[in-house]
Amino acid sequence: MKKIGILYGKENSFPPALVERINAMNTPGISAEAVYISKVIQADPTDYTVIIDRISQDVPFYRAYLKNAALSGTAVINNPFWWSADEKFFNNALSEKIGVQVPKTVLFPSNHRPPDTSELSFRNLAFPLDYEAIFEYVGFPAFFKPFSGGGWKSVYKVYNRNDFFNAWNETGELVMMLQENIEFEEYFRCYYVGGRVHIMPYEPRNPFHERYLKDKTTEKSLLKKVEAVVHKLNEHLGYDFNTVEVAVRDGELYPIDFCNPAPDADEFSVGKDNFEWILQNAAEYAIERAQNHKAGEINLTWGKFITGAVNFFQQPTAPPAPKKVKLPVATKKKQEEKKKEPVKKKEDSFSDHLTAAQKKIIANAKKGEKDNLKQINGIGAVLEKKLNEIGIKTIKQVSKFDKAMLNKVVEAIGYSAERAANENWIKQAKELVKNKK
Ligand SMILES: Nc1ncnc2c1ncn2[C@@H]1O[C@H](COP(=O)(O)OP(=O)(O)O)[C@@H](O)[C@H]1O
Ligand SMILES: [Mg+2]
């Protein structure tokens, strides 16, 4: 029996309802329960195939427990390693890099020094900071909020530099960021669960219980744009479960808050219909992860940022240039003669190893045809170049691979077959081809 565990804290509505929903689905071989921990021993596997984590942001002990569980193959939703590494300021910086417009944002050190640090610990920091440049870049009014956190805690709207310094004085040891104010005409809060998106019109300026707008209609084209941004951000960050808040100003989208890996899913605050969506989709996704679980492997989601970075750094570096050594005259002569011999034409060794059917896949790309293979999660710029060099230039070609072909290809480009299979290159390519149609 594969067990799905829910790890949670003060929440009362979502976790028990999720356990009930998963069990009510009566999926053969799968059951759900609240996670039960009586001891945590290094490298010990847990009983759980999948764990949905709703609390480790507040309990470091749980975060360590989840990393240990992941090491033995538990599929943890969300990846505890990535969650530990991420925060809102990095979110924004990455967004800019992947071409998603976000409000201008600047990071601030905490107003109070962290415990056990002294002035010396901050000797690399200019004092005062370059406030003029910062205020000019962000402008006023602005939002001043923690670089990591949630629940609107310590979120300030500041209208001038005085306001800013007063707010900063209240924030103690919190690392903060100052962010351009987006005066929005529309605002959306969007659930993201393993590639499924649910968009909820939201008015943050309303009282708490009236923020989710039930009867609001939104233009379809705008919803499509919001959905695309939600997909793009989560695919790059690597979250399975998240919410993305998007403000719309003059028709342009500005994601505001998209680092919510244990998002509010309380029935009272999100409302009945949204609660039903999250319950059903979280249940389906958890079951999917249990069914796709691979024993003996790491079953975590890694976003395009991490997989891209790892691929990049994994490439073998160029071998060091040979040292110049003084050779005896006779040897030198021999070498020079050798140099004069006609150079043998380099064989295309990759296609030599292919069957006729596999050669057909290579021939499938028309001359000059070339897709962005980086759309496949796991393929970065360097791997793409190598794939192109052996004749793989289109997503369609990848979609036609079978396991044997994939193995030959990854061997030729110096990549791990296990990882390519784990990253589901073929399945991803098939889906991309399907979506293109
Ligand atoms: N840059 C901004 N422009 C406009 N409104 C903002 C901005 N940043 C935050 N807000 C408002 O403040 C609220 C709380 O900020 P948010 O970044 O979502 O923090 P939290 O993670 O605590 O929810 C948002 O829902 C939004 O209404
Ligand atoms: Mg928020």
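Residues numbered from 1 in each chain as written. Chains lettered and ligands numbered in written order. Predicted model: local features only at pLDDT ≥ 70, side-chain atom pairs only at ≥ 80, totals over all residues.

Asks: Is there a simple way to explain the overall build of the protein chain in this structure?
Replies: Scanning the protein chain from terminus to terminus reveals 18 helices and 12 strands. For the protein chain, the spread of C-alpha atoms along the three principal axes comes to 85 × 60 × 50 Å. The buried share of the protein chain, reckoned over its 437 residues, is 30%. The contacts of the protein chain with a sequence gap of at least 6 include a subset with a gap of at least 24, amounting to 70%. (Helix = DSSP H or I, 4+ residues; strand = E, 2+ residues; numbered from the N terminus. Buried ≥ 20, exposed ≤ 12 C-beta atoms within 10 Å, placed from the backbone. Contact = placed C-beta atoms within 7 Å.)

Asks: What is the right way to read the site of ligand 1 from this model?
Replies: Near ligand 1 you find 18 residues, and of these F143, G150, I182, P204 and D257 are the closest. When residues of the shell around ligand 1 are sorted by domain, at least three fall in each of domain 2 (104–180) and domain 3 (188–270). (Near = placed C-beta within 6 Å. Domains from an automatic or database assignment.)

Asks: Honestly, the packing of helix 1 (residues 14–24) against helix 9 (residues 272–291) in this entry has me stumped. Any pointers?
Replies: When two helices pack together, their arrangement is given by the angle between the helix axes and by the axis-to-axis distance. For the pair helix 1 and helix 9, the least separation of the axes is 9 Å and the interaxial angle reads 60°. It follows from the interaxial angle that helix 1 and helix 9 lie oblique. Considering only the axes of helix 1 and helix 9, their crossing is right-handed. Residue-level contacts link A17, L18, R21 and I22 of helix 1 to L279, Q280, A282, A283, A286 and I287 of helix 9. In terms of residue class, the contact of helix 1 with helix 9 is built from 8 nonpolar, 1 polar and 1 charged. (Axes fitted to C-alpha atoms, helices over the stretch in contact; angles between N-to-C directions. Parallel < 35°, antiparallel > 145°, perpendicular 65-115°, else oblique. Left-handed = near helix turned anticlockwise from the far one by under 90°. Nonpolar A, V, L, I, M, F, W, Y, C, P; charged D, E, K, R; others polar.)

Asks: So what exactly am I meant to see when it comes to the sheet that holds strand 7 (residues 156–158) here?
Replies: Backbone-to-backbone hydrogen bonds join strands into a sheet, with any given pair of strands oriented parallel or antiparallel. Read across the sheet, 4 strands follow the order 5-8-6-7 without closing on themselves; strand pairing throughout is antiparallel. Of all the strands in the sheet, just strand 5 (105–108) and strand 7 have a single pairing partner and so form its edges. Each neighbouring strand pair of the sheet contributes to a mean axis angle of 25°, computed without reference to strand direction. The pairing of strand 6 (residues 142–146) with strand 8 (residues 176–180) spans 5 bridges and is antiparallel. In the sheet register, P146 faces strand 8, and the bridge partner there is M176. Relative to strand 7, helix 6 (residues 161–169) is tilted by about 155°, and along the sheet it contacts strand 5, strand 6, strand 7 and strand 8. (Pairing = 2+ DSSP bridges.)

Asks: Help me understand the domain arrangement of the protein chain, please; the structure alone is not making it clear to me.
Replies: In many reports, interface size means the accessible area that the parts give up when they come together. For the protein chain, the assigned domains are domain 1 (2–84 + 293–300), domain 2 (104–180), domain 3 (188–270) and domain 4 (305–318 + 346–436). Here the C-alpha centre of domain 3 lies 25 Å away from the C-alpha centre of domain 1. Tallying the contact residues gives 12 residues for domain 1 and 9 residues for domain 3. Grouping the amino acids of the side of domain 1 that touches domain 3 by side-chain chemistry returns 5 nonpolar, 4 polar and 3 charged.

Asks: Honestly, the sheet that holds strand 11 (residues 241–249) in this entry has me stumped. Any pointers?
Replies: Spatially, 10-9-11-12 is the arrangement adopted by the 4 strands of the open sheet, whose pairing is antiparallel. A strand with exactly one partner marks an edge of an open sheet, and here the two such strands are strand 10 (196–201) and strand 12 (252–257). Ignoring strand direction, the axes of neighbouring strands in this sheet form an average angle of 30°. Across the sheet, helix 9 lies against strand 9 (186–193) and strand 10, angled at about 30° from strand 9, the strand it touches most.

Asks: Even after reading the chapter, I still don't get the pairing of strand 11, so can you show me in this structure?
Replies: Within a regular beta strand, the side chains point alternately toward one face of the sheet and then the other, so they alternate between its two faces. Two elements, strand 9 and strand 11, share 8 bridges in a ladder whose sense is antiparallel. Opposite V193, over in strand 11, you have F241 as the bridge partner. When strand 11 meets strand 12, the two strands line up antiparallel, connected through 5 bridges. Paired with E245 across the two strands is D257, which belongs to strand 12. Linking two consecutive strands that pair antiparallel, namely strand 11 and strand 12, is a turn of 2 residues; a positive phi of about 50° is found at D250 within it.

Asks: Any chance you could explain the nonpolar core here in plain terms?
Replies: What tends to happen in soluble globular proteins is that the nonpolar side chains get buried as a cluster. Judged by nonpolar contacts, the single largest core of 53 residues is most densely connected at I6, V50, I51, C190, V246 and A286. Per-element accounting of this core gives the leading share, 6 residues, to strand 9. The two domains that each donate at least three residues to this core are domain 1 (2–84 + 293–300) and domain 3 (188–270). Residues I361, L373, I413 and Y415 belong to the second largest nonpolar core, which totals 18 residues. (Core = buried A, V, L, I, M, F, W, Y, C linked by C-beta atoms within 7 Å.)

Asks: Explain helix 1 to me, please; I cannot follow it from the model alone.
Replies: Each full turn of the α-helix corresponds to 3.6 residues, which orients residues three or four apart in the same direction. For helix 1, every residue scored as buried is listed here: F14, P15, L18, V19 and I22. Taken around the axis of helix 1, the buried residues stretch over an arc of 135°, which confines them to a single face. Of the surrounding elements, those touching the buried residues of helix 1 are strand 1 (2–7), strand 2 (30–34) and helix 9. Looking one or two places after helix 1, you find N26, whose phi comes out positive at around 50°. (Arc of directions from axis to C-beta.)

Asks: How do you make sense of the pairing of strand 6 when you look at a structure like this?
Replies: Bridge count between strand 6 and strand 7: 3 bridges; the pairing is antiparallel. Bridge pairing links F144 to Y156 in strand 7.

Asks: Help me understand the environment of A64 in this model?
Replies: Looking at the element boundaries, A64 is found in helix 2 (residues 60–71). The class of A64 is partly exposed, set by 15 C-beta atoms lying within 10 Å. As a C-alpha pair, A64 and G368 span 304 residues in sequence and 50 Å in three-dimensional space.

Asks: I would appreciate a short explanation of the environment of E389 in the present structure.
Replies: Here E389 is to be found in helix 14 (residues 381–389). Between the C-alpha atom of E389 and that of F350, which follows or precedes it by 39 residues, the distance is 10.0 Å.

Asks: It is not clear to me how unusual backbone geometry should be interpreted in this structure. Could you clarify?
Replies: Residues apart from glycine generally show negative phi values, whereas peptide bonds are mostly found in trans. Cis geometry marks the peptide bond from I77 to N78, where omega comes out at 5°. By secondary structure assignment, the location of N78 is in the loop between strand 4 (75–77) and helix 3 (80–85). The step from F140 to P141 runs through a cis peptide bond, and the omega angle for that step is -5°. Even without being a glycine, A43 presents a positive backbone phi close to 65°. Along the chain, A43 turns up in the loop between strand 2 and strand 3 (48–53).

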